[in-house]
Amino acid sequence: QVQLVESGGGLVQAGGSLRLSCAASSSISSIDSMAWYRQGPGSQRELVAVIRSDGSTNYSDSVKGRFTISGDTAKNTVYLQIHSLKPEDASVYYCSADNPWGNYWGQGTQVTVSS
């Protein structure tokens with residue numbers, strides 16, 4: 001069982017930056033991949049970024065060049081650095097982790113963007 005706790009959300013002006021954190025209850029080096037998803041009001045949850053155990057990353061086209069996912073194995077934490085925030089980035093951001101025993105989710109952190 002892996003518990004995930006997101007933090008770092010808040011109210012930011014359009015064009016601003018934010019860093020989201022996802023703290024895992026166990027070593028992220030034993031996790032196959034971790035990802036950030038987001039879900040806006042009335043929308044489906046969408047994959048934003050993923051980082052795998054080999055360090056490879058992928059991003060959705062809508063955030064490529066503005067979002068960066070990274071991991072700190074010493075802190076068992078994965079980050080999502082967000083730059084050049086747009087109003088359409090406003091969502092609840094969720095962290096997810098996959099290992100051979102299951103798929104795990106955090107409770108989410110709200111990002112609100114003011115124009």
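### Details of the sheet that holds strand E7 (residues 67-72)
Strands sit in the order E1-E3-E8-E7 across an open sheet of four strands; the sheet is antiparallel. Both edges of this open sheet fall to strand E1 (4-7) and E7, since each of them pairs with a single strand only. Put simply, the sheet's adjacent strands are angled 15 degrees from each other on average, direction ignored. Of the pairings in the sheet, the one linking strand E3 (residues 18-24) to strand E8 (residues 77-82) comprises six bridges and is antiparallel in character. Across the sheet, Arg19 pairs through a bridge with Gln81, a residue of E8.

### Here's the deal with the pattern of salt bridges
According to the stated counting rule, one finds four salt bridges in the structure shown. Here Asp89 makes a salt bridge to Arg38, at a shortest N to O gap of 2.9 Å. With Asp89 in the loop between E8 and strand E9 (91-99) and Arg38 in strand E4 (residues 33-39), this pair connects stretches of sequence that are 51 residues apart. The residues Asp89 and Arg38 share a single accessibility class, namely buried. Between Asp61 and Lys64 there is a salt bridge, and its shortest N-O distance comes to 3.1 Å. Of the two residues examined, Asp61 and Lys64, each falls in the exposed class. Beyond isolated ion pairs, a larger network of salt bridges with shared partners links Arg38, Glu46, Arg66 and Asp89.

### Points about the packing of aromatic side chains
Going through the model one piece at a time under the given rule, you end up with one aromatic pair. Between Tyr37 and Trp105, the ring centres sit 4.8 Å apart and the planes meet at 55 degrees, which makes this aromatic pair tilted. In this pair, Tyr37 is assigned in strand E4 and Trp105 in strand E10 (residues 102-105), connecting sequence segments 68 residues apart. Positioned above the aromatic ring of Tyr79, the side-chain terminus of Arg19 is 4.1 Å from the ring centre. Looking at Arg45, its charged tip hangs above the ring of Trp105, at a distance of 4.8 Å from the centre.

### Remarks on the environment of Thr68
Here Thr68 is to be found in strand E7. Put simply, Thr68 and Gly16 are 52 residues apart on the chain and 14 Å apart in space, counted from C-alpha to C-alpha.

### Description of the nonpolar core
Within the largest apolar cluster, 27 residues are counted, with the highest numbers of intra-cluster contacts made by Leu4, Leu20, Met34, Trp36, Val48, Leu80 and Tyr93. At the level of secondary structure, the elements contributing two or more residues to this core comprise E3, E4, strand E5 (46-52), E7, E8, E9 and strand E11 (109-114). Discounting chain neighbours no more than four positions away, the residues touching Leu80 are Leu18, Arg19, Leu20, Trp36, Val48, Ala49, Phe67, Thr68, Ile69 and Tyr93.

### Points about the side chain of Asn76
Within the secondary structure, Asn76 sits in the loop between E7 and E8. The contacts of Asn76, once residues within four sequence positions are left out, are Cys22, Ala23, Ala24, Ser26, Ser27 and Ile28.

About the criteria used
Residues numbered from 1 in each chain as written. Predicted model: local features only at pLDDT ≥ 70, side-chain atom pairs only at ≥ 80, totals over all residues. Heavy atoms only, no water. Pairing = 2+ DSSP bridges. Helix = DSSP H or I, 4+ residues; strand = E, 2+ residues; numbered from the N terminus. Axes fitted to C-alpha atoms, helices over the stretch in contact; angles between N-to-C directions. Salt bridge = Lys/Arg side-chain N within 4 Å of Asp/Glu carboxyl O. Buried < 20%, exposed > 50% of the residue type's maximum accessible area, 1.4 Å probe, protein only. Phe/Tyr/Trp six-rings, centres within 6.5 Å; stacked < 30°, edge-to-face > 60°. Lys NZ or Arg CZ within 6 Å of the ring centre and 35° of its normal. Core = buried A, V, L, I, M, F, W, Y, C linked by side-chain atoms within 4.5 Å. Contact = heavy atoms within 4.5 Å.

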